[in-house]
Amino acid sequence: MTSHDKIVEAIIELDELVALELAEGMLKSGTEPVEILEKCREGMSIVGEKFESGDFFLSEMIMAAEIFNQIMNIVRPHLKITISESSGKIVIGTVEGDVHDIGKNIAIALLEAEGFDIIDLGVDVPPATFVDAIKEHEPDIVGMSSLLTVALETTRQTIEAITKAGLRDQVKIIIGGGRIDAHATDYIKPDASTDNAAHGVRMCIGLMKGEAV
Ligand code: B12
């Protein structure tokens, strides 16, 4: 079994010590930080499936999240800062009703490494808070994260609130998270959507250039 497979297994087995050791070892042997995070995400997906099937309880999902956050702490300093001047300003948050933030925090880390200035509104962010933040910070892009199916509706409502406030033409909107697919995108109608943070970063760069992404 490779270290890549072992880290997936350590997450599923909730073996924090082994998972952290493997992450450190992978960094030392030259594995790209983004690759490590994607592997961990694979583990989290299986944890989610186990929760869904009743093999895991909420406490186990919380433990897995804790392990992921620890790995993130190890990996984060290794993300290369590629650009020194600002690539653009992004207001980002997890939408109302949803407290999942691991994916959002990865997106933030990768965007910062690409030179974007980030205003992080946190989790469970009401539509009005997004509207106020756009008025206050005048971002180029607004990023919304949602992991729950019910939060897709809140994401749509948040964009509606931004439109009603007359701010929709001032910002580009990107949505991300595990439940985002073509169907969700069709329904919510953002400027860009993804279920992969590295892809999201490339999309944000494209949006800054006025490209259709
Ligand atoms: C960890 C976890 C939790 C943790 C969250 C801890 C935290 N601080 O985030 C805790 C234990 C708190 C939790 C709670 C709940 N959870 Co939960 N959780 C998960 C789990 C296992 C992993 C999520 C995760 O972190 N994945 C890893 C990250 C890296 O992946 P990601 O989020 O998709 O992010 C990537 C991309 O999507 C992208 N991205 C994400 N956001 C953004 C934003 C932008 C702008 C961009 C560009 C990119 C981007 O970048 C990331 C890297 O590529 C998932 C399983 C799954 N498959 O998603 C269930 C899951 C999401 N949870 C689920 C459920 C049901 C719940 C609860 C309702 C359980 C309960 N009964 O209480 C609560 C809801 C609480 C709430 N109101 O939000 C369900 C959702 C089902 C659904 N279809 O709605 C899932 C799918 C599990 C399942 N299969 O049943 N959960």
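As the structure is a computational prediction, the values presented were derived from the model and not from experiment. (Residues numbered from 1 in each chain as written. Predicted model: local features only at pLDDT ≥ 70, side-chain atom pairs only at ≥ 80, totals over all residues.)

**A look at the site of the ligand**
Here's step 1: Neighbouring residues of the ligand: 39 residues in total, closest Gly48, Gly103, Gly143, Gly176 and Gly200.
Here's step 2: Looking at the shell around the ligand, the elements that each hand over two or more residues are helix H3 (33-52), helix H4 (58-75), helix H5 (102-113), strand S3 (141-145), strand S4 (172-176) and helix H9 (197-208).
Here's step 3: Among the elements that take part in the shell around the ligand, H3 stands out by supplying eight residues, more than any other.
Here's step 4: In terms of residue class, the shell around the ligand is made up of 17 nonpolar, 14 polar and eight charged.
Here's step 5: Among the domains, domain 1 (3-78) and domain 2 (88-208) are the pair contributing at least three residues each to the shell around the ligand. (Near = placed C-beta within 6 Å. Helix = DSSP H or I, 4+ residues; strand = E, 2+ residues; numbered from the N terminus. Nonpolar A, V, L, I, M, F, W, Y, C, P; charged D, E, K, R; others polar. Domains from an automatic or database assignment.)

**Remarks on the nonpolar core**
Within soluble globular proteins, side chains that are nonpolar tend to cluster in buried spots.
Here's step 1: Formed by 54 residues in total, the largest nonpolar core has its most connected members in Ile11 and Cys204.
Here's step 2: Mapped onto the domain boundaries, this core takes at least three residues apiece from domain 1 (3-78) and domain 2 (88-208).
Here's step 3: Beyond its immediate sequence surroundings of up to four residues, isoleucine 11 is in contact with Ala19, Cys40, Gly43, Met44, Val47, Ala64 and Ile67. (Core = buried A, V, L, I, M, F, W, Y, C linked by C-beta atoms within 7 Å. Buried ≥ 20, exposed ≤ 12 C-beta atoms within 10 Å, placed from the backbone. Contact = placed C-beta atoms within 7 Å.)

**Let's talk about helix H7 (residues 149-164)**
Here's step 1: Spanning 16 residues, H7 covers 24 Å between terminal C-alpha atoms, matching the ideal 22 Å at 1.5 Å per step.
Here's step 2: Within the span of H7, buried status applies to Ala151, Leu152, Thr154, Thr155, Thr158, Ile159 and Ile162. Down the axis of H7, the sector holding all buried residues measures 165 degrees, keeping them to one side. Relative to its buried face, H7 has exposed residues pointing more than 90 degrees away, namely Thr149, Val150 and Lys164.
Here's step 3: Where H7 is buried, its residues touch helix H6 (127-137), S3, S4 and helix H8 (182-188).
Here's step 4: Glycine 166 sits one or two residues past H7 and shows a positive phi near 75 degrees. (Expected span 1.5 Å × (residues − 1). Arc of directions from axis to C-beta.)

**Focus on the environment of aspartate 191**
Here's step 1: You can see aspartate 191 is positioned in the loop between H8 and strand S5 (192-194).
Here's step 2: A C-alpha to C-alpha distance of 9.9 Å links aspartate 191 and cysteine 204, two positions 13 residues apart in sequence.
Here's step 3: Ignoring sequence-local partners within four residues, the contact set of aspartate 191 consists of Lys172, Ile173, Ile174 and Leu207.

**Some remarks on the sheet that holds strand S2 (residues 116-120)**
Here's step 1: The five strands are arranged S2-S1-S3-S4-S5 in an open sheet whose pairing can be described as parallel. Both outer strands of the open sheet, S2 and S5, are each paired with one neighbouring strand and no more. Between one strand and the next, the sheet's axes are offset by a mean angle of 20 degrees, whatever the strand orientation.
Here's step 2: As defined by bridge partners, strand S1 (residues 88-94) adjoins S2 across five bridges and the pair is classed as parallel. Considered in S2, the bridge of glycine 88 is made with phenylalanine 116.
Here's step 3: Seen against the sheet, H6 touches S1, S2 and S3 and runs at an angle of roughly 165 degrees to S1.
Here's step 4: Relative to S4, H9 is tilted by about 175 degrees, and along the sheet it contacts S1, S2, S3, S4 and S5. (Pairing = 2+ DSSP bridges. Axes fitted to C-alpha atoms, helices over the stretch in contact; angles between N-to-C directions.)

**So, the domain arrangement of the protein**
Here's step 1: Looking at the assigned domains, one finds that the protein contains domain 1 (3-78) and domain 2 (88-208).
Here's step 2: Counting residues per element, the side of domain 1 that touches domain 2 draws most heavily on H4, which supplies four residues.

**Digging into the packing of helix H1 (residues 3-12) against helix H2 (residues 16-28)**
Here's step 1: Contact pair H1 / H2: the axes reach a minimum separation of 9 Å and the direction vectors enclose 155 degrees. Between H1 and H2, the angle is such that the two are roughly antiparallel. Considering how the two elements wind past one another, H1 and H2 form a crossing that is left-handed. Together, Ser3, Lys6, Ile7, Ala10 and Ile11 of H1 and Val18, Ala19, Leu22, Ala23, Gly25 and Met26 of H2 make up the contact between the two elements.
Here's step 2: Here the contact of H1 with H2 is built from residues that sort into eight nonpolar, two polar and one charged. (Parallel < 35°, antiparallel > 145°, perpendicular 65-115°, else oblique. Left-handed = near helix turned anticlockwise from the far one by under 90°.)

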